[in-house]
Amino acid sequence: MLALLDAYARAPRVSNPVELSSAYLRAVERWEALPENAVGSDKSWVVRSQRAWKEHFAKARAGNRG
Amino acid sequence: MTVESLFAALNEAQVRYVVIGVAGANYWARSGQTVFATQDLDVFLPPDAANTLAAWRAAEACGLDLSCGDEPRDRRRDLFLAERIVERRALVRAADGECLDVDFTLVMAGFEFEPVFLSRRSFHVQGTAIPVARLRHIVASKAATGREKDKLFLASHAEALRSLIDEEP
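Residues numbered from 1 in each chain as written. Chains lettered and ligands numbered in written order. Predicted model: local features only at pLDDT ≥ 70, side-chain atom pairs only at ≥ 80, totals over all residues.

## Quick look at the overall build of chain A
Inference 1: Along its length, chain A carries 3 helices and 0 strands.
Inference 2: When burial is assessed residue by residue, chain A has 11% of its 66 residues classed as buried. (Helix = DSSP H or I, 4+ residues; strand = E, 2+ residues; numbered from the N terminus. Buried ≥ 20, exposed ≤ 12 C-beta atoms within 10 Å, placed from the backbone.)

Okay, here's the thing in structure tokens:
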């Protein structure tokens, strides 16, 4: 187990950073400030959406195996 | 097993964590059109062995199986192992074998845990509070990593925000 962890820690981390435009970063800040993104906003619909997507692809994978 | 029940268990165990990655960005979405498909849920933990162990135990209590690389799933989880995992910043995956794959990560490219945690935003899912990293931190981390899939996400995300970019005076 520890050998596996050491190998993981030694593995090179590939990084090729990209620069974000100032216009995009300002848009992100405005997006964060939208009323839909206020503290305590209900995001249950996001989870429902992600769950539906995962179930759809799980069924598709199962169909491909069958 | 639902994601909100995992978050409820983490909250109940007073685990310090914050949701990052594409799944984290999705909580900032305004509509289904700005939700991105992702298989994984990335949960960022501080480099704290006791907190890490508490997160594992909460996940196991929810019926999730833990794994690290090729390590056998029946290995005993204890503070010793948590300390070794934290030292090496290794990733531990919790999965239900169906639709839920959670990555407990101790690494967020370009960021330490505390600044991200302190500026998190709390959203709610079915009444459960979910701490999510600021969108600006999530995209900056994606940019710092710069993998092809991150670049693709950033390009798609910029397109999703196009109206705000274009509205700029």
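## As for the overall build of chain B
Inference 1: Regarding its fold elements, chain B presents 8 helices and 7 strands.
Inference 2: Rg of the C-alpha trace for chain B: 16 Å, near the compact-globule value of 15 Å for 169 residues, within the 12% margin.
Inference 3: Seen along its three principal axes, the alpha-carbon backbone of chain B occupies a region of about 55 × 35 × 30 Å.
Inference 4: Long-range contacts, defined as pairs at least 24 residues apart, comprise 66% of the intrachain contacts of chain B with a sequence gap of at least 6. (Rg over C-alpha atoms; globule rule 2.2 N^0.38 Å. Contact = placed C-beta atoms within 7 Å.)

## Brief notes about unusual backbone geometry
Residues and elements named next belong to chain B.
Inference 1: Non-glycine residue R89 carries a positive phi angle of around 50°.
Inference 2: Looking at the secondary structure, you find R89 in the loop between α4 (79-88) and β4 (92-95).
Inference 3: The residue Q126 is not glycine, and still its phi comes out positive at about 50°.
Inference 4: Looking at the secondary structure, you find Q126 in the loop between β6 (121-125) and β7 (128-132).

## Thoughts on the packing of helix α3 (residues 49-61) of chain B against α4(B)
All names here are of chain B.
Inference 1: Following both chains from N to C, one finds α3 and α4 inclined at 115°, their axes separated by 8 Å at the closest point. Put simply, α3 runs roughly perpendicular to α4. For α3 against α4, the interelement crossing comes out right-handed. Two secondary-structure elements touch here, α3 through A49, A50, T52 and L53 and α4 through L79, A82, E83, I85 and V86.
Inference 2: Residue composition of the contact of α3 with α4, grouped by class: 7 nonpolar, 1 polar and 1 charged. (Axes fitted to C-alpha atoms, helices over the stretch in contact; angles between N-to-C directions. Parallel < 35°, antiparallel > 145°, perpendicular 65-115°, else oblique. Left-handed = near helix turned anticlockwise from the far one by under 90°. Nonpolar A, V, L, I, M, F, W, Y, C, P; charged D, E, K, R; others polar.)

## Here's the deal with the environment of B:V116
Residue and element names in this part refer to chain B.
Inference 1: Inspection of the secondary structure assignment puts V116 in helix α5 (residues 113-118).
Inference 2: Overall, V116 belongs to the buried group, with 22 C-beta atoms counted inside 10 Å.
Inference 3: For the pair formed by V116 and V19, sequence separation is 97 residues and the distance between their alpha carbons is 9.9 Å.
Inference 4: Sequence-distant contacts of V116, that is, excluding residues within four places in its chain, are made with V18, F44, M108, F111, A133 and H137.

## Regarding α4(B)
Residues and elements named next belong to chain B.
Inference 1: All of the buried residues along α4 are L81, A82 and I85. Here the buried residues of α4 occupy an arc of 100° about the axis, which is enough to place them on one side. Set apart from the buried face of α4 by more than 90 degrees, the exposed residues are L79 and F80.
Inference 2: Just beyond α4, the residue with positive phi is R89, at close to 50°. (Arc of directions from axis to C-beta.)

## Thoughts on the interface of chain B and chain A
Inference 1: Contacts between chain B and chain A engage 44 residues on the former and 41 residues on the latter.
Inference 2: Looking at the side of chain B that touches chain A, the elements that each hand over two or more residues are α1 (3-12), α4, β6, α6 (135-145), α7 (148-160) and α8 (162-167) of chain B.
Inference 3: Ranked by the residues each element gives to the side of chain B that touches chain A, the list is headed by α6(B), at 7 residues.
Inference 4: Among the residues forming the side of chain B that touches chain A, the class breakdown is 21 nonpolar, 8 polar and 15 charged.

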